[in-house]
Amino acid sequence: MKLLRRKEGPSLDSRLAALLEAATLGEGRLSERAVFAARTVAERAGTRRDLSIDHTVAALAGATGSGKSSLYNALVGEDLAAVGVTRPTTSTAQAALWDGEGAGALLDWLDIPRRHSAPATPELAGLVLLDLPDHDSIRLSHRLEVDRLVEQVDLLVWVVDPQKYADAALHERYLRPLAGHGDVMVVVLNQVDRLPAQAVDRCLRDLRRLLDDDGLAGVPVLAVSARTGQGLGELRSLLGERVSERRSWSARLAADLTSAADHLATAGPATSLEASAPRGTVEGDSASLPPAGAPEDARPAPALPAGAPEEPGPPGGREADRAGAGVLAAGRETSAREDAAGREASGPSAGEVPDVGAAAGRDGAKRMAGAGRALTGALCAAAGVPLVVEAVAKGHRHRAVVATGWPVTRWVRRFRPDPLRRLRIDGASRRPGREVAGTSRRAGGEVGSASRRSGGEIVGRTSVPAASAVQRAQVETAIRDVGEVAASGLPGPWAAAVRQAARSRARELADTVDRTVATTSAGATRRPRWWRVVNVLQWLVFAAMLAGALWLGVLFAMDYLRLPQPPLPTVGVVPWPTVLLVGGALAGVLIALLSRLVAWAGGRRRARRTARALRTAIGQVGKEMVLEPVEAELDTYARFAEALDLARART
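Residues numbered from 1 in each chain as written. Predicted model: local features only at pLDDT ≥ 70, side-chain atom pairs only at ≥ 80, totals over all residues. Heavy atoms only, no water.

Colleague: Describe unusual backbone geometry, and please don't skip the residues or the numbers.
Modeller: Of note in this structure, D99 is not a glycine but carries a positive phi near 55°. For D99, the position within the fold is in the loop between β2 (94-97) and α4 (104-110). Within the chain, R246 stands out as a residue other than glycine whose phi angle is a positive 55°. Mapped onto the fold, R246 is located in the loop between α8 (232-245) and α9 (248-265). (Helix = DSSP H or I, 4+ residues; strand = E, 2+ residues; numbered from the N terminus.)

Okay, here's the thing in structure tokens:
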């Protein structure tokens, strides 16, 4: 059955879904106990919502000797619960039903086998009243039964007596952790017939003070006597009012959702121990329980009037098995430790879930942009970008001389090392369908051969010298700064998750940057078209020079052999063979000098383009491997905070 959304807030359905979403988003980041508790609360709330909403389950809970069973019998009008001096008397919970038709599934879910039909009372129609075992029983099974049902019932009626209403076990183990459940809680001071009127007023005032200290300022406090019937009419009227409203069950579920969301908001970080433990295990649950027979009241006992009888305390004895179970008890045990951990970490105050914070505002965006630029700069320095840029400029000039120099002397240039080939960014590592083994001496000093397919090509690694220790430290610092800036203003566990996200791909960062340098720098090896034109021109000029030399050689041979000289064309007074020889040589040298000048300017221009391309490409690598995981984690936290706000909204 779906609940209609109220005007004053979101529906219970949407809050349940939001809590489950928050628990899912917090998994692996927040304490496993807190995540499991939130899931359990959401699942339990969903189950209770789908059961009978026409019945209100109220439970009488209290300590040994408080008179719960006597009050239970008095409210029912029959002696259903055994009452005696021997403790404990109540071993299992039992239920009294007023108009209990349709409550079977609900009681099955509560696991209450003992059920009784109460005398018909119109104002209590729909009430299911439970008599619980003692919460301070010497038997562990009784305490666990109380813990289980305290988490499930719709309305809690705490029965206390004048002697032990300040019992630390009650206030610290139940009332204080349930401070957010004041709307579904009633406190009854039983056995007031044993006190004078003035003492009753004094006890009520002191009890009211203790409840206020526990955060339960609005909880009704009634003075009753199961033996004389004093105050029973007022208690019946209060129960009848809560039953007639048919809202206690939804108020209880709403309080449970708010409490679970608050606990999730202040949960500590996930630990390796919790990650390895089976989900849902709770250890040491009853460690906070005082040993049976030990003093139970850590608070000063209230002053009793002279002559007032005292209730005997529980007999001594110590349980061998002190392991407990139940989400509520686990929350009590771990909440203080997790809250302390949350306070130690830099972050907002307990219970406060900030917006994505500094990293999302203008100042935060500027700081993130600055951290991103610093990361790119550190990666460029560690990747040897300045060395690569210098090699691009020198390599361009070197290859230009080889391609456009004077053919007579250009071969000498081939004996000089090619700067680009020495760094393995000469294009030899980009051969379709062939893997080229390349050595890499990147961060960590590892040497090996590897390749990666990119666009159908095998891209080998470069031979750029390994980053120095200082450069590696600068990269690590830049990554840490990105995490710190992004985590600013986040709660401790989420700040740790953001910082971890920044470092999540640090191991593969060096190789990826190196491959990016190889891929991006390969474009700097492309030969300009004018080199081919100039090369053809140089060979034409060289051919003219050779023709002139050959012509002069032929003339020299004919003159040496005293053969008649053929007609010799001239350019002015200079013979054509001389023009071809000398002009070809001068033209070749001049073209080579001009080409070298153009290549020098082109090398600088290409180096600038390569530097920009490398910085952009390496910046993209830093974004993909550092910034994007951080942004994804921040987006997860934003969705977590939104879901948590919705889960804590009042219906």
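Colleague: Describe the pairing of strand β5 (residues 155-160), with residues and values.
Modeller: The element β5 is extensively covered by neighbouring structure, given that 6 of its 6 residues are classed as buried. Of the two faces of β5, the one carrying L155, V157 and V159 and the one carrying L156, W158 and V160 are both buried. Direction of pairing for strand β1 (residues 56-62) relative to β5: parallel, over a ladder of 5 bridges. Residue pairing in the sheet places G62 in a bridge with V159 of β5. (Buried < 20%, exposed > 50% of the residue type's maximum accessible area, 1.4 Å probe, protein only. Pairing = 2+ DSSP bridges.)

Colleague: Could you give me a rundown of the pattern of salt bridges, with the residues and numbers involved?
Modeller: It is possible for side chains of opposite charge to pair when their charged atoms get near one another. Scanning the model with the defined rule gives 24 salt bridges in all. Across the pair E633 and R29 runs a salt bridge, and its minimum N-O distance is 2.3 Å. Of this pair, E633 sits in helix α20 (residues 576-648) while R29 sits in the loop between α1 (12-26) and α2 (32-50), placing them 604 residues apart in sequence. The exposure class of E633 is buried, given its relative accessible area of 10%. Residue class for R29 comes out partly exposed when judged on its relative accessible area of 23%. The closest approach of N and O atoms between D206 and R209, which form a salt bridge, is 2.6 Å. Pair noted here: D206 and R209 are both in helix α7 (residues 197-213), with a separation of 3 residues, about one helical turn. A relative accessible area of 18% places D206 in the buried class. Through salt bridges with shared partners, a single network forms among R44, E151, R252 and D256. (Salt bridge = Lys/Arg side-chain N within 4 Å of Asp/Glu carboxyl O.)

Fair warning: the whole summary comes from geometry, so function is off the table for now.
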